[in-house]
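# Breakdown of the fold
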Amino acid sequence: MSFGVLYVDDEINNLNSFKAAFRRDFNIHVAQSAREGRKILDTNEIGVIITDQRMPGMTGIEFLESILTVYPDTIRILLTGFSDMNAVMDAINRGQVYKYLVKPWQNDELKLYIQNALEIYQLRKENKELAHKLQLANIELEMLHRSRS
């Protein structure tokens, strides 16, 4: 798949581990802050965003919430070292998160979640394209009907 996977985490060791674990399977982008992550989103087609929750400046949930209107179809995964029920609820309600995972991740499990998330992203994209084509076909049919009346 040509869609990218973006991992945002302020810990460089986590970014390096993620990239090493998944670079053969996915088009990986990493960012050490929400600001860097936003720049990557603005210049690449990202299908899945994985972000750490606890980062300086902006939490993962705040980051996901901030990009929701611009990138509504991107699948969002929150990855954190802490099990915090309020963060879970915020992630679901505010950030519209697909999965909430606790560090350390298991490579096989995370790989499966990323694959599934990319498939969902692809299906959303195809669905939008088909809906647009249907809309155009309906307009053409309406114009044809009017021209014959």
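The following paragraphs examine the structure supplied in this document. Residue numbers restart at each chain and count upward from 1, following the sequence in its written direction. Given that this is a predicted model, residues contribute local features only at a pLDDT of at least 70 and side-chain atom pairs are listed and counted only at 80 or more, while totals for whole chains, interfaces and linings are drawn from all residues. Computation of side-chain values covers all heavy atoms of the structure but excludes hydrogens and water.

## So, the side chain of aspartate 52
This is how it is decided: Note on conventions: DSSP H or I runs of at least 4 residues are helices, E runs of at least 2 residues are strands, and numbering of each starts at the N terminus. Exposure categories follow from relative accessible area, calculated using a 1.4 Å probe and restricted to protein chains: below 20% of the type maximum is buried, above 50% is exposed, and the middle band is partly exposed. Under the rule applied, a polar contact is a pair of N or O atoms within 3.5 Å (in protein, one hydrogen donor and one hydrogen acceptor; residues adjacent in sequence only if both atoms are side-chain atoms). Any two residues whose heavy atoms approach within 4.5 Å are treated as being in contact.
Turning to its location among the elements, aspartate 52 is positioned in strand E3 (residues 46-52). Owing to a relative accessible area of 3%, aspartate 52 belongs among the buried residues under this scheme. Here lysine 103 takes part through its side chain, which lies 3.2 Å from a polar atom of the side chain of aspartate 52. Excluding residues within four positions of it along the chain, aspartate 52 makes contact with Val8, Asp9, Asp10, Gly60, Leu78, Leu79, Thr80, Gly81 and Lys103.

## A short note on helix H2 (residues 34-43)
To keep it simple, the criterion reads: Working note: the arc is built from the helix axis to C-beta atom directions.
Among the residues making up H2, those that are buried are Ala34, Gly37, Ile40 and Leu41. Down the axis of H2, the sector holding all buried residues measures 115 degrees, keeping them to one side. Turned more than 90 degrees off the buried face of H2, the exposed positions are Arg35, Lys39 and Thr43. Where H2 is buried, its residues contact strand E1 (4-8), strand E2 (27-31), E3 and helix H3 (60-67).

## Details of the pattern of salt bridges
We apply this condition: The salt bridge criterion pairs a side-chain nitrogen of Lys or Arg with a carboxyl oxygen of Asp or Glu, the two atoms within 4 Å.
Inspection of every chain in the model, using the stated rule, returns 7 salt bridges. Across the pair arginine 38 and aspartate 42 runs a salt bridge whose closest N-O atoms are separated by 3.2 Å. With arginine 38 and aspartate 42 both in helix H2, this residue pair falls 4 residues apart, about one helical turn. With relative accessibility at 47%, the residue aspartate 42 sits in the partly exposed group. When salt bridges with common partners are traced through the structure, they connect Asp9, Asp52 and Lys103 into a single cluster.

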